[in-house]
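This is what each chain is made of:
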Amino acid sequence: MGMLVFGFYQERAKVQLNHYTHVLQENPGLAQMSAEFRQKWWDVNPQPKRVHYYVIESTWNGFHRYSMLELARIKWALSIVILLVFFALDALFLRTTGHFERWPWLIIMYAIAGTIMAGFLMLVPGKAGYSVAHEFLAFLQSPLPSLLIVLVPSLFERMQSNGLTD
């Protein structure tokens, strides 16, 4: 349950941050203005947008005080922190379900996904590489890794005990 709640709010934070930086990129003069001016501009021009199941009607006031470079750094730092929290939640899930001995598989899964993400970011320029890396990051920032580590071996064990495999 904690993974789902955390997942919802971390996704909301990333969507808000991405939307804010996109609006600044579309309005380059706005990025050069003071935090007070940006906030007033945003109050007059709220920039509503629907992103998946989120409807953005305003922005978080804290974003106004940061430059584009700082917002980009915040985005990367946020992604790393979220990834570490999900890794800890995955490990906690393994422990609470009695499958902590499978933790090496968790590390392998994160390492493989991380290698693929880095490869696409470095080798495939532009939006295509970013999109693939984003999908792998979204996978890691979900309950799926720990569920796969728990469920897949358990299903194979059940199949073997029922005589369904050789």
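Reading the values: rules and limits
Residues numbered from 1 in each chain as written. Predicted model: local features only at pLDDT ≥ 70, side-chain atom pairs only at ≥ 80, totals over all residues. Heavy atoms only, no water. Core = buried A, V, L, I, M, F, W, Y, C linked by side-chain atoms within 4.5 Å. Buried < 20%, exposed > 50% of the residue type's maximum accessible area, 1.4 Å probe, protein only. Helix = DSSP H or I, 4+ residues; strand = E, 2+ residues; numbered from the N terminus. Contact = heavy atoms within 4.5 Å. 1 Å grid on protein atoms, 1.4 Å probe; cavity = no way out; pocket = protein on both sides within 12 Å on 5 of 7 lines; lining within 4 Å. Points joined across faces, edges and corners; volume = space filled by probe spheres on them. Salt bridge = Lys/Arg side-chain N within 4 Å of Asp/Glu carboxyl O. Expected span 1.5 Å × (residues − 1).

**Section: the nonpolar core**
Consideration 1: In this structure, Phe86, Leu94, Leu106, Tyr110, Met117, Leu140 and Ile149 are the most contacted members of the largest nonpolar core, which totals 14 residues.
Consideration 2: For this core, the secondary structure elements donating two or more residues are helix H4 (68–96), helix H5 (103–123), helix H6 (127–140) and helix H7 (144–161).
Consideration 3: With residues near it in sequence (within four places) discarded, Tyr110 still touches Leu83, Phe86, Phe87, Asp90, Leu140 and Pro145.
Consideration 4: Core analysis: the second largest hydrophobic core is formed by nine residues, Leu24, Leu30, Ala31 and Phe63 among them.

**Describing the layout of surface pockets**
Consideration 1: What the largest pocket holds in volume is close to 1200 Å³.
Consideration 2: Glu11, Lys14, Asn18, Tyr130 and His134 are the residues nearest the centre of the largest pocket, which is lined by 44 residues in total.
Consideration 3: Those elements that provide at least two residues to the lining of the largest pocket are helix H1 (2–26), strand S1 (49–51), H4, H5 and H6.
Consideration 4: Among the elements that make up the lining of the largest pocket, the one with the highest residue count is H1 (14 residues).

**Structural notes on unusual backbone geometry**
Consideration 1: Even without a glycine there, the phi angle at Gln47 is positive, about 60°.
Consideration 2: Within the element layout of this structure, Gln47 appears in the loop between helix H3 (35–44) and S1.
Consideration 3: When its relative accessible area of 29% is taken as the criterion, Gln47 is described as partly exposed.

**Side note on the environment of Leu4**
Consideration 1: Among the structural elements, Leu4 can be located in helix H1.
Consideration 2: We classify Leu4 as exposed; its relative accessible area is 55%.
Consideration 3: Remark: the alpha-carbon pair of Leu4 and Glu36, spanning 32 residues in sequence, is separated by 35 Å.

**Some thoughts on the environment of Ile74**
Consideration 1: With respect to the secondary-structure elements, Ile74 resides in helix H4.
Consideration 2: The class for Ile74 is partly exposed, based on a relative accessible area of 31%.
Consideration 3: With 56 residues separating them along the chain, Ile74 and Tyr130 place their C-alpha atoms 17 Å apart.
Consideration 4: Not counting the four nearest positions on each side in its chain, Ile74 is found in contact with Leu17 and Tyr66.

**Some remarks on the pattern of salt bridges**
Consideration 1: Within this structure, the stated rule accounts for three salt bridges.
Consideration 2: Where Lys14 meets Glu11, a salt bridge forms, and the shortest distance between an N and an O atom there is 3.7 Å. With a gap of three residues between them, Lys14 and Glu11 both fall in helix H1, about one helical turn apart. As far as burial versus exposure is concerned, Lys14 and Glu11 are alike and both buried.
Consideration 3: The partner of Arg102 in a salt bridge is Glu157, with the nearest N and O atoms 3.2 Å apart. Linking Arg102 in the loop between H4 and H5 with Glu157 in helix H7, this pair joins segments that are 55 residues apart in sequence.
Consideration 4: The exposure class assigned to Glu157 is partly exposed, which follows from its relative accessible area of 47%.

**Quick word on H4**
Consideration 1: Between its first and last C-alpha atoms H4 spans 41 Å; for 29 residues at 1.5 Å apiece the expected length is 42 Å, and the two agree.
Consideration 2: Within H4 the residues assigned to the buried category are Leu71, Ser79, Ile82, Phe86, Asp90, Ala91 and Leu94.
Consideration 3: On the buried face of H4, the contacting elements are H1, H5, H6 and H7.
Consideration 4: Looking one or two places after H4, you find Gly98, whose phi comes out positive at around 80°.

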